[in-house]
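Chain and residue survey
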Amino acid sequence: LETMGRGTLHLELPPNVPIDVEFVGQDGSTVLNMGGTALERLNVTSVRGDVIVTLPEYQPLMSQSQDMLGTLTVSDGNLAMFIPTAVAARLELDRGGSGIQPQYDANVYNYLVGDILEARNINTAQIILRYTLHVPRGRIRIEVPS
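Residues numbered from 1 in each chain as written. Predicted model: local features only at pLDDT ≥ 70, side-chain atom pairs only at ≥ 80, totals over all residues. Heavy atoms only, no water.

A word on the overall build of the protein chain. When you go through the protein chain residue by residue, the secondary structure sums to zero helices and eleven strands. Mapped in sequence order, the helices and strands of the protein chain form the string β-β-β-β-β-β-β-β-β-β-β. For the protein chain, the C-alpha radius of gyration of 15 Å lies close to 15 Å, the compact-globule estimate for 146 residues. Overall size of the protein chain, expressed as C-alpha extent along the three principal axes, is 50 × 40 × 25 Å. Of all 146 residues assigned to the protein chain, the portion counted as buried reaches 40%. Of all intrachain contacts in the protein chain linking residues separated by at least 6 positions in sequence, the fraction that spans at least 24 positions is 60%. Computing the positive centroid from 10 side-chain charges and the negative centroid from 16, the protein chain places the two 5 Å apart. (Helix = DSSP H or I, 4+ residues; strand = E, 2+ residues; numbered from the N terminus. Rg over C-alpha atoms; globule rule 2.2 N^0.38 Å. Buried < 20%, exposed > 50% of the residue type's maximum accessible area, 1.4 Å probe, protein only. Contact = heavy atoms within 4.5 Å. Lys, Arg positive; Asp, Glu negative; His and termini not counted. Charge placed at Lys NZ, Arg CZ, Asp CG, Glu CD.)

With that settled, consider the side chain of aspartate 115. Checked against the element boundaries, aspartate 115 lands in the loop between strand E8 (109–112) and strand E9 (116–119). Residue classification places aspartate 115 among the buried residues on the basis of a relative accessible area of 17%. Side-chain polar atoms of aspartate 115 contact the side chain of arginine 95, separated by 2.9 Å. Within the structure, aspartate 115 has its side chain in polar contact with the side chain of tyrosine 111 (distance 2.4 Å). If sequence neighbours within four positions are ignored, aspartate 115 has contacts with Leu91, Glu92, Leu93 and Arg95. (Polar contact = N/O pair within 3.5 Å; in protein donor to acceptor, adjacent residues only side chain to side chain.)

With that settled, consider the sheet that holds strand E5 (residues 71–76). Overall, mixed pairing links the seven strands, which are arranged E1-E3-E5-E10-E7-E9-E8 in an open sheet. The open sheet is flanked by strand E1 (18–27) and E8, the only strands paired with a single partner. The sheet shows a mean angle of 15° between the axes of neighbouring strands, taken without regard to direction. As defined by bridge partners, strand E3 (residues 38–48) adjoins E5 across four bridges and the pair is classed as parallel. Each residue of the ladder has a partner; that of serine 46, found in E5, is valine 74. (Pairing = 2+ DSSP bridges. Axes fitted to C-alpha atoms, helices over the stretch in contact; angles between N-to-C directions.)

On the surface, Leu9, Leu11 and Leu13 cluster together into a nonpolar patch covering about 350 Å² of accessible area. Within the secondary structure layout, leucine 11 lies in the segment before E1. Classification of leucine 11 by relative accessible area gives exposed; the value is 63%. (Patch = residues over 30% accessible without salt bridge, like charges linked within 9 Å, V, L, I, M, F, W, Y side chains within 5 Å. Areas by Shrake-Rupley, 256 points an atom, 1.4 Å probe, with all protein chains shown as cover. Salt bridge = Lys/Arg side-chain N within 4 Å of Asp/Glu carboxyl O.)

The strand order across the open sheet formed by four strands is E2-E4-E6-E11, and the pairing between neighbours is parallel. Bordering the open sheet on either side are strand E2 (30–33) and strand E11 (140–143), each of which pairs with just one other strand. Across this sheet, the average inter-strand angle for adjacent strands is 10°, counted without regard to direction. Here strand E6 (residues 79–82) pairs with E11 via four bridges, running parallel. Directly across from leucine 79, in E11, lies its bridge partner isoleucine 140.

Two strands pair when backbone bridges link them, and E8 and E9 are joined in this way by four bridges, in the antiparallel orientation. Directly across from leucine 112, in E9, lies its bridge partner isoleucine 116. With antiparallel pairing between neighbouring strands as the criterion, E8 and E9 make up a hairpin whose turn holds three residues, including glycine 114 at a positive phi of roughly 100°.

Counting across every chain of the model gives four salt bridges. Measuring nitrogen to oxygen at the nearest pair gives 3.5 Å for the salt bridge that ties glutamate 143 to arginine 141. Among the residues examined, glutamate 143 registers a relative accessible area of 27% and is labelled partly exposed. Arginine 141 gets classed as partly exposed once you look at its relative accessible area, which sits at 29%.

What is shown is where atoms sit, not what they do.
Written out as structure tokens, the structure reads:
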């Protein structure tokens, strides 16, 4: 896209079509607003640059609640995830020994031994999502949109 004078790709998909997304980026910021989609799985690899991901309020049909739905890898940058209040997430963190503490709302998430952020309502929620977050040199921030 850059050779054509553009650095942005905007893709619109029909609603309610289950999708798996695999994104690989080399350099630059990435924004993946998956809200309103039927997201089954999401894998992101970013070599350099910050990544922002908005997850949908959607229970994957092709997976069980205990299944890992993907890995978000941000090798050199920060990761921000926006997770709707109706979604209970279990996020296994791999911070590569960086010592950079994740940012999250302690009223919504528990920080468990083993470097895991888990929604406090995970035992009662209708929608449960599990992801691995690999961010060895940046900050992980989990937001609940208002």
